[in-house]
Amino acid sequence: MPALKAAYLLSLLLVTLQQAASTENSTSLTRHLENSTSLTRHLENSTSLKKPDILRLHEDLFVKSGYHPYIRPIRDLKRPTNVTLDLAMANIINLDEKNQILTAEVWLRMKWTDEFLTWNVSEYGGIETIATQAENIWRPDMFLYHNVNHEFGGWLEDVVMISSDGQVDWKAPAVTMSACLVDVSDFPFDKQKCYLQFGSWNQDGRHVDYFSESEVGDMANLIRNVEWDVPKLSVERHEHNFNGVPYPDVTFTMHMTRRSTFYVINMFLPCALLAFVVGATFYLPPDCGEKISFGVSVLLTLTVFQLVVAQEVPQSESVPTVGLFIIVSLALMTLSLLATTFVMNLGDSGEENHPVPGWARKVFLKYISRALLMGDQSGQNEDELWYRYNAYPSPEHMKNNTIYINRKVDGNSIYSGTERRSRLGLPARPERKSRASPTKLEYLLEIKGAVEEISAYMEKLDTVKNIHNDWKTLATVVDRIFLVLYLVACIIALVVTLLNLRGFMEPEGSHAGDDTS
């Protein structure tokens, strides 16, 4: 029995020793594995510390994270991505009024939050902002509505700035060509409003929403244009619903005022001066043959200016106020030519040797001539002129029946007094019954009669001349009346034109309400 107990205790001791040995081996193995792992980690950390922080950040954001530029960067797809827009106007290249196209150089600024591009600044050496190509990240499918540039391939693939909180700042410079409805009613004092409307073409407001950064655009770097002044660049957000789906957009309204000095000096002022110069035709004498040719020359000159205005403005139903002024001036010039023709015909009415009627002499030559500061031009009345005209032989009769006192001492014949008076159209004197030789007294009587007849003839010539002068004076007075009427009509047309020019009457910087299309 003692031997069996000793054997049992010995075997138990061996088992205990084996278990203790196996436990020590496993512990040492575990410790060895832990040391190997820590060594591997240490090696990896030492290797990674050699790579720049910006490269590690770029790899973590775009390579290891599996970032894709075609996926909208938001974790909750039920929420839209908010895009904030701002526009800086750099230069107005051209505004083509005929084709109604605005060409401008703009700097568009867009900001949105990319939830997939965020990092801890402390893990990457304090880097807060990185720059990358725009094609590497997601961008909204923003489009310029009413774009007419067929060669425009989109915004420049320029550099974007990304902040550690996911804020993306994209500045996209471009030259835009957009449709602009031009209203030339007040040309050349017109004010235009051109719209630059930005929004998504495919994505509606449930996916991408647009907002404006401020109520006005940036014009700090705007280059001065020689023809247009831009006093204001306003911004408005609109939201249009199509079939219940919202489509937001941001519209930048350019308020443009034309610099009218060039057109006033080279177009408007010459037209106004030509319109007033035509009044000189009424100041020329009625019998001047250059009245008609002068008026026609000025009329053709103003027609050339009308063609110039037609080339400057677009072809539309809206007629410029300056064009209306030129048309009215052309109509007034045409009426002035007709009035000039009437005045010239009136001045030649004295050829029929009819005196000016009494009512015309009283109204025109007396009262109206006084009102026009021409004095009283009435002179002799109509009855006196008619009496003097009918009391003596006509000048034509006197020309055809010349007086001859041709008696010869040797007894040659001479026209008798009766025959001479008959040939002169005067009443016949009683014939003497005696045919005795004329005495010296009779010769003197004959000479006296001839002198009286010549004096009567000269008085009748004066009467005819006075009649002609009266008709010319009447034509002059009527011409002066037309001059006053024409000047008044031109002044009224000019004042109405200026009053209808909103750009001329409104003070600089005042604008009508902002309408958007």
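Residues numbered from 1 in each chain as written. Predicted model: local features only at pLDDT ≥ 70, side-chain atom pairs only at ≥ 80, totals over all residues. Heavy atoms only, no water.

### Considering the pairing of strand β2 (residues 101-113)
Reasoning step 1: As paired elements, strand β1 (residues 81-96) and β2 share eleven bridges and run antiparallel to each other. In the strand pairing of β2, Met89 is matched with Val106.
Reasoning step 2: What sits between the antiparallel neighbours β1 and β2 is a turn of four residues, in which Gln100 has the positive phi angle 55°.
Reasoning step 3: Here 13 bridges tie β2 to strand β6 (residues 167-179), and the two strands are oriented antiparallel to one another. Considered in β6, the bridge of Trp112 is made with Val168. (Pairing = 2+ DSSP bridges. Helix = DSSP H or I, 4+ residues; strand = E, 2+ residues; numbered from the N terminus.)

### Let's talk about helix α5 (residues 291-312)
Reasoning step 1: Along its 22 residues, α5 runs 33 Å from first to last C-alpha, staying within 8% of the 32 Å computed at 1.5 Å per residue.
Reasoning step 2: Along α5, the residues classified as buried are Lys291, Gly295, Val298, Leu299, Leu302, Phe305 and Val309. Buried residues along α5 cover an arc of 115° about the axis, so they all sit on one side. Away from the buried face of α5 by more than 90 degrees, exposed residues Leu300, Leu307 and Gln311 are located. (Expected span 1.5 Å × (residues − 1). Buried < 20%, exposed > 50% of the residue type's maximum accessible area, 1.4 Å probe, protein only. Arc of directions from axis to C-beta.)

### Considering the side chain of Thr497
Reasoning step 1: Structurally, the position occupied by Thr497 is in helix α11 (residues 440-500).
Reasoning step 2: Note on Thr497: relative accessible area 6%, which makes it buried.
Reasoning step 3: Of the polar contacts made by the side chain of Thr497, one reaches the backbone oxygen of Ala493; its length is 2.6 Å.
Reasoning step 4: Beyond its immediate stretch of four places on either side in the chain, Thr497 contacts Phe268, Thr321 and Phe325. (Polar contact = N/O pair within 3.5 Å; in protein donor to acceptor, adjacent residues only side chain to side chain. Contact = heavy atoms within 4.5 Å.)

### A closer look at the environment of Thr303
Reasoning step 1: Mapped onto the fold, Thr303 is located in helix α5.
Reasoning step 2: Thr303 gets classed as partly exposed once you look at its relative accessible area, which sits at 31%.
Reasoning step 3: Along the backbone, Thr303 and Cys271 are 32 residues apart, and their C-alpha atoms lie at a distance of 9.6 Å.

### Focus: the sheet that holds strand β7 (residues 191-200)
Whenever strands of a sheet pair, they do so through backbone hydrogen bonds, lying parallel or antiparallel.
Reasoning step 1: Read across the sheet, four strands follow the order β4-β7-β10-β9 without closing on themselves; strand pairing throughout is antiparallel. Single-partner strands in this sheet number two, and they are β4 (142-144) and β9 (228-242). Across this sheet, the average inter-strand angle for adjacent strands is 20°, counted without regard to direction. (Axes fitted to C-alpha atoms, helices over the stretch in contact; angles between N-to-C directions.)

### What to know about unusual backbone geometry
Reasoning step 1: Cis geometry is found at the peptide bond from Phe187 to Pro188, where omega equals 5°.
Reasoning step 2: Mapping Pro188 onto the fold places it in the loop between β6 and β7.
Reasoning step 3: If you check the backbone angles, His146 has positive phi at about 60° while not being a glycine.
Reasoning step 4: Examined against the element boundaries, His146 turns out to sit in the loop between β4 and β5 (159-163).
Reasoning step 5: Classification of His146 by relative accessible area gives partly exposed; the value is 46%.
Reasoning step 6: At Asn243, a position not held by glycine, the phi torsion is positive, near 60°.
Reasoning step 7: Mapped onto the secondary structure, Asn243 falls in the loop between β9 and β10 (245-258).

### As for the pattern of salt bridges
Reasoning step 1: Evaluation of the coordinates by the stated rule reveals 16 salt bridges.
Reasoning step 2: A salt bridge links Asp53 to Arg56; its shortest N-O distance comes to 2.8 Å. Placement of both Asp53 and Arg56 in helix α2 (residues 53-64) is noted, with a separation of three residues, approximately one turn of the helix.
Reasoning step 3: Where Asp218 meets Arg109, a salt bridge forms, and the shortest distance between an N and an O atom there is 3.3 Å. (Salt bridge = Lys/Arg side-chain N within 4 Å of Asp/Glu carboxyl O.)

### Looking at the sheet that holds β1
Reasoning step 1: The strand order across the open sheet built from six strands is β3-β5-β6-β2-β1-β8, with neighbouring strands paired in mixed fashion. A strand with exactly one partner marks an edge of an open sheet, and here the two such strands are β3 (129-133) and β8 (208-212). Strand-to-strand twist in this sheet, taken as the mean axis angle between neighbours without regard to direction, amounts to 30°.
Reasoning step 2: Contacting β3 and β5, α2 runs over the sheet at an angle of about 60° to β3.

### A few points about the state of the cysteines
Reasoning step 1: A complete count under the given rule lists one disulfide for this structure.
Reasoning step 2: Here Cys180 is linked by a disulfide to Cys194, with a sulfur-sulfur distance of 1.9 Å. Residues Cys180 and Cys194 share a disulfide whose torsion about the S-S bond is about -75°; that sign makes it left-handed. Remark: Cys194 occurs in strand β7 and Cys180 occurs in the loop between β6 and β7; sequence separation between them is 14 residues. (Disulfide = S-S within 2.5 Å.)

### Some points on a nonpolar patch on the surface
Reasoning step 1: Taken together, the side chains of Leu441, Leu444, Leu445, Ile447 and Val451 present a nonpolar region at the surface, about 470 Å² in accessible area.
Reasoning step 2: Residue position: Leu445 is located in helix α11.
Reasoning step 3: Among the residues examined, Leu445 registers a relative accessible area of 44% and is labelled partly exposed. (Patch = residues over 30% accessible without salt bridge, like charges linked within 9 Å, V, L, I, M, F, W, Y side chains within 5 Å. Areas by Shrake-Rupley, 256 points an atom, 1.4 Å probe, with all protein chains shown as cover.)

### Some remarks on the pairing of β10
Every regular strand shows the same layout, with side chains that alternate between the two sheet faces.
Reasoning step 1: The element β10 is extensively covered by neighbouring structure, given that 13 of its 14 residues are classed as buried.
Reasoning step 2: Bridge count between β7 and β10: nine bridges; the pairing is antiparallel. Bridge pairing in β10 places Lys193 opposite His255.
Reasoning step 3: The pairing of β9 with β10 spans 13 bridges and is classified as antiparallel. In the sheet register, Asp229 faces β10, and the bridge partner there is Thr257.
Reasoning step 4: What sits between the antiparallel neighbours β9 and β10 is a turn of two residues, in which Asn243 has the positive phi angle 60°.

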